[in-house]
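Chains, contacts and geometry: an overview
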Amino acid sequence: MAASEDNEPLYTGEKDESLYSNAFGFLRRPLTVNPTTCDAEVLVLGLPFDLATTGRSGCRDGPGAVRRVSANLAWELCEHRYPWKFDLFSVLSVADAGDLAFVCGDAKHFTDRVQAYAGGLLAAGKTLLSLGGDHYVTLPLLRAHAKKHGKLALVHFDAHTDTYSLGGSYDHGTMFYHAPREGLIDTSKSIQIGIRTAWEVEDHEFEVVTAAEANDSGVDEVVRRIHQRVGGDGTPVYVTFDIDCLDPAYAPGTGTPVVGGLTSDRAIRILRGLVGLNIVGMDVVEVSPAYDHSDITALAAASIATELLHVVAHNKRHKQLEN
């Protein structure tokens, strides 16, 4: 006897087209308690940490907010997201690995846990999309990725260069001062987009596209500069997106907002231009829900993360078609 509609599962993972329900995993992806052995190629990992912030705190709640609002996007993925011409999850298998557990208030334990846990996932052949958390989380992530892939090119979206030498051992403004000195990234292949705060221009090893340049020169020119800087030799690329790259009109919910930033539209179109780069890891950080309005910052972050997944899927699909 066929099961009646009343006896069907409440949630199948595919049929819910609402904008609000069943938002347990990012984009309603299944939660996994066995991330190293599951079938997913990409794992979403929440890093609820904000002990390294120097501005307004609260981005420990970022991963939950981004997941929750991602239900606004999941319905569209039942077919395909504009303007992509393919079904994301028919190309790329994605699961949500939940939030990293660590001793609350212990920045060193958090750092060690990220490096070890992310390293184990990468060793199992997974690709990570990490949700912060403050931007410090990128440093232990880079350590784990460099151990797996070697020296990385960094494509960095931010209002700040985060290359400041002053600060403590756990500081969300010093990661990209330490990362080159630890041999994690190749600054000659790295680029920062959206910068609009002071930096030491004479000694700066990264290429910088200021927010004014990005806003005035157009999307195609920014994309060209990114590809030119990274090169076409298959260098492994790590993409990190601090949500304060966006103007506060589009992302008020962050710890250190700076006016004069990018629109969410411009940022997303630049991200779509990253197709062809060998992206091996990515994160979206610094969403602080307590300062958000109507979830627009969390929605921007979820949209950015979704575009990054499409870029990775496009690259995989293109490689399959070539073969």
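Thresholds applied
Residues numbered from 1 in each chain as written. Predicted model: local features only at pLDDT ≥ 70, side-chain atom pairs only at ≥ 80, totals over all residues. Heavy atoms only, no water. Helix = DSSP H or I, 4+ residues; strand = E, 2+ residues; numbered from the N terminus. Contact = heavy atoms within 4.5 Å. Buried < 20%, exposed > 50% of the residue type's maximum accessible area, 1.4 Å probe, protein only. Pairing = 2+ DSSP bridges. Right-handed = clockwise from strand over helix to strand, strands pointing away. Salt bridge = Lys/Arg side-chain N within 4 Å of Asp/Glu carboxyl O. Axes fitted to C-alpha atoms, helices over the stretch in contact; angles between N-to-C directions. Parallel < 35°, antiparallel > 145°, perpendicular 65-115°, else oblique. Left-handed = near helix turned anticlockwise from the far one by under 90°.

Considerations on the environment of P63
- Topologically, P63 is positioned in helix α1 (residues 62-69).
- In sequence terms P63 and F49 are 14 residues apart; their C-alpha atoms lie 9.6 Å from each other.
- Non-local contacts of P63, meaning those with residues more than four positions away in its chain, are made with G46, L47, P48, D99, L131, G132 and G133.

Notes on the pairing of strand β5 (residues 191-195)
- Of all five residues in β5, five are buried, a share of seventy percent or more.
- Relative to β5, strand β4 (residues 153-157) is paired through three bridges, and the arrangement is parallel. Bridge pairing in β5 links V155 to I191.
- Each parallel crossover has a hand, and the one from β4 via helix α6 (residues 175-181) to β5 is right-handed.
- The sheet contact formed by β5 and strand β6 (residues 207-210) spans four bridges and is parallel. The residue of β6 that forms the bridge with I195 is T210.

With respect to the pattern of salt bridges
- All told, the structure shown has 15 salt bridges when counted by the stated rule.
- The residue E41 makes a salt bridge to K316 at a minimum N-O spacing of 2.7 Å. In this pair, E41 sits in the segment before β1 (42-47) while K316 sits in helix α10 (residues 296-322), placing the two residues 275 residues apart along the sequence.
- Accessibility expressed as a relative area gives 27% for E41, which makes it partly exposed.
- Across the salt bridge formed by K108 and D112, the nearest N and O atoms sit 2.8 Å from each other. Here the residue K108 and the residue D112 both occupy positions in helix α4 (residues 107-123), the gap between them amounting to four residues, near one helical turn.

Here's the deal with the packing of helix α8 (residues 219-230) against helix α9 (residues 264-272)
- Where α8 contacts α9, the axes come no closer than 9 Å and their chain directions differ by 40 degrees. Comparing the axis directions of α8 and α9 gives the class oblique. The handedness of the crossing between α8 and α9 is right-handed. Two secondary-structure elements touch here, α8 through V219, V222, V223 and I226 and α9 through R266, R269 and I270.

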